[in-house]
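What follows is each chain in one-letter form.
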Amino acid sequence: MRLPQIFTSLSIGRKLGIGFAVLIILSVITGSIGLTALDNYADRGDVVGLVGAMETNLLQARLAEKSFLMEAADDDLAKARKQSAAAGQIAESLSHQVSNSTDQARLATVMDGSAHYGDLLAEVATTQTSRDETVKKLEVDARKTESRLSTEDQLYVASAALKQMRRSERNFLIEGDDKAIKAFDDANSRALKSVKSSFVDKSVKEEVSGLFQAYSDSFHSAVDQVRKTHTLEQDMIDTARSILQATNDMKQDQLAKMKSDHQSAIVMIAVTMVIVI
């Protein structure tokens, strides 16, 4: 006997009973789906809150980093490293709460990036100290050369070349002009040639040439330190940006899913109410 025939042969009481049973089953199913969506909504709310805290820590780390780069204060360095480490810890905690492979990859970026960022901060601090010491030595060597030349009127060409070297030095250290390096070296070559062809005593020639060479060596050491510092700072900035980008992407994705869960919950609960009515 076919199902429609079986159903039509049933009494009205049984038909009503089956109908109510089906309604109850549908109500339970749709209600369960709605409650599950609400649970997902709440869970995503927790995740979004943690991601927001992670983002806040990273932004605070960047503010402290910028302050450190401008003022070289140890407190700013310590704060930047502390906030970065806190963001990494939150990311590690979140990695146990999310299963999405994309979010796991983003959290890995934050964890690895935060650790690398902290290491770069420490390395930048060390390099900045070396750079500052090198620049101080550069100034001392320049002043020694200027002082010695001031006692030798015959070395006026070398004195003029030294002034050009000083200008080139400032152009590089202040403006970061790479062309200033070649200008410095050209002026140094002119100075050494003029000293060599001058009529001063041999001992004076050797002394002044040695001073120019020491000044030149100090300048190139400063160039190396400045470039190394700049490279590390740029690496640090790029790392911070990639961490923040991963955090922001995860935040926006979770907010979108949170909105979707909320809408699904509302729809399912509404359907349940309609069925019950």
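These remarks concern the structure in this document. (Residues numbered from 1 in each chain as written. Predicted model: local features only at pLDDT ≥ 70, side-chain atom pairs only at ≥ 80, totals over all residues. Heavy atoms only, no water.)

Some words on the nonpolar core
Where a protein is soluble and globular, its nonpolar side chains tend to be buried together.
And step 1. Counting 28 residues, the largest nonpolar core has Met54, Leu94, Leu107 and Tyr117 as its most contacted members.
And step 2. Counting only elements with at least two residues in this core, the list comes to α2 (12-71), α3 (74-94), α4 (101-149) and α7 (202-276).
And step 3. Counting 23 residues, the second largest nonpolar core, distinct from the first, contains Leu138, Met165, Ala191 and Val195. (Core = buried A, V, L, I, M, F, W, Y, C linked by side-chain atoms within 4.5 Å. Buried < 20%, exposed > 50% of the residue type's maximum accessible area, 1.4 Å probe, protein only. Helix = DSSP H or I, 4+ residues; strand = E, 2+ residues; numbered from the N terminus.)

Thoughts on the environment of Glu133
And step 1. Tracing the sequence through the fold places Glu133 in helix α4.
And step 2. The exposure class assigned to Glu133 is exposed, which follows from its relative accessible area of 52%.
And step 3. A sequence separation of 92 residues divides Glu133 from Gln225, and the C-alpha atoms of the two residues are 9.9 Å apart.

Digging into α4
And step 1. Between its first and last C-alpha, α4 extends 69 Å over 49 residues, near the 72 Å set by a 1.5 Å rise per residue.
And step 2. Regarding α4, its N-cap is Asn100, as a side-chain oxygen of that residue lies 2.7 Å from the backbone nitrogen of Thr102 further along. (Expected span 1.5 Å × (residues − 1). Polar contact = N/O pair within 3.5 Å; in protein donor to acceptor, adjacent residues only side chain to side chain.)

Some thoughts on the packing of aromatic side chains
And step 1. Inspection of every chain in the model, using the stated rule, returns three aromatic pairs.
And step 2. Ring geometry for Phe184 against Phe219: centres 3.9 Å apart, planes inclined by 15°, an arrangement best described as stacked. You can see Phe184 sitting in helix α6 (residues 179-196) and its partner Phe219 sitting in helix α7, a full 35 residues away along the chain.
And step 3. By relative accessible area, Phe219 is classed as buried at 0%.
And step 4. Three or more aromatic residues link up through ring pairs in this structure, and these residues are Phe172, Phe184, Tyr215 and Phe219. (Phe/Tyr/Trp six-rings, centres within 6.5 Å; stacked < 30°, edge-to-face > 60°.)

Side note on the side chain of Thr239
And step 1. Counting through the fold element by element, Thr239 comes out in helix α7.
And step 2. By relative accessible area, Thr239 is classed as buried at 9%.
And step 3. In contact with Thr239, other than residues within four places in its own chain, are Gly113, His116, Tyr117 and Leu120. (Contact = heavy atoms within 4.5 Å.)

Observations concerning the packing of α3 against α4
And step 1. Interaxial distance between α3 and α4 falls to 8 Å at its minimum, and their mutual angle equals 165°. Here α3 is positioned roughly antiparallel relative to α4, judged by the angle of their axes. Both α3 and α4 take part in a crossing whose hand is left-handed. Facing α3, whose interface residues are Leu77, Ala80, Arg81, Ser84, Ala87, Gly88, Ala91, Glu92 and Leu94, α4 presents Leu107, Val110, Met111, Ser114, Tyr117, Gly118, Leu121, Ala122 and Ala125. (Axes fitted to C-alpha atoms, helices over the stretch in contact; angles between N-to-C directions. Parallel < 35°, antiparallel > 145°, perpendicular 65-115°, else oblique. Left-handed = near helix turned anticlockwise from the far one by under 90°.)

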